[in-house]
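Coordinate inspection notes
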Amino acid sequence: VTVVLPPTAAFSASALTGCAPLTVQFTNESSSNATSFEWLFEGGDPGSLNEENPTVTWNAPGVYLVTLTVANAAGTAT
């Protein structure tokens, strides 16, 4: 019997504020059982990625939402 638990999602960012253009390196800190990653970057370039530790640039001033959804065979977490 193999028991697979759902993952938990978490991340950190190299910067939370700065002058535009602002380039930010994101570090995945999700549980080690996460097998896929879906990042959404409101207003970012690029706007979405499936990399584990992406880098994104914001070219215009503003406040933006970043979302990470991780998944494995047992489910997803955001």
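Here we summarise the structure given alongside this text. (Residues numbered from 1 in each chain as written. Predicted model: local features only at pLDDT ≥ 70, side-chain atom pairs only at ≥ 80, totals over all residues. Heavy atoms only, no water.)

**What to know about the overall build of the protein**
- Along the protein, the regular secondary structure elements total 0 helices and 7 strands.
- Written out in order from the N terminus, the α and β elements of the protein read β-β-β-β-β-β-β.
- Referenced to the eigenvectors of the C-alpha coordinate spread, the extents of the protein come out at roughly 50 × 20 × 15 Å.
- For the protein, buried positions account for 28% of its 78 residues.
- Relative to all contacts within the protein whose residues are 6 or more apart in sequence, the contacts with residues 24 or more apart total 52%.
- With the model as given, the accessible surface of the protein reaches about 4,800 Å², and the carbon-plus-sulfur share is 55%. (Helix = DSSP H or I, 4+ residues; strand = E, 2+ residues; numbered from the N terminus. Buried < 20%, exposed > 50% of the residue type's maximum accessible area, 1.4 Å probe, protein only. Contact = heavy atoms within 4.5 Å. Areas by Shrake-Rupley, 256 points an atom, 1.4 Å probe, with all protein chains shown as cover.)

**Section: unusual backbone geometry**
- Alanine 20 connects to proline 21 through a cis peptide bond whose omega is -5 degrees.
- You can see proline 21 is positioned in the loop between strand S1 (11–13) and strand S2 (22–28).
- In this structure, proline 46 follows aspartate 45 across a cis peptide bond, with omega equal to 5 degrees.
- Relative to the helices and strands, proline 46 resides in the loop between strand S3 (36–41) and strand S4 (48–49).

**What about the pairing of S2?**
- Of the two faces of S2, only the one carrying Leu22, Val24, Phe26 and Asn28 is buried; Thr23, Gln25 and Thr27 on the other face are not.
- The pairing of S1 with S2 spans 3 bridges and is antiparallel. Across the sheet, alanine 13 pairs through a bridge with phenylalanine 26, a residue of S2.
- Alignment of S2 against strand S5 (residues 55–58), held across 4 bridges, turns out to be antiparallel. Bridge pairing in S5 places leucine 22 opposite tryptophan 58. (Pairing = 2+ DSSP bridges.)

**Examining the sheet that holds S4**
- As summarised here, the arrangement of the 4 strands in space is S4-S3-S6-S7, forming an open sheet in which the pairing is antiparallel. Both outer strands of the open sheet, S4 and strand S7 (75–77), are each paired with one neighbouring strand and no more.

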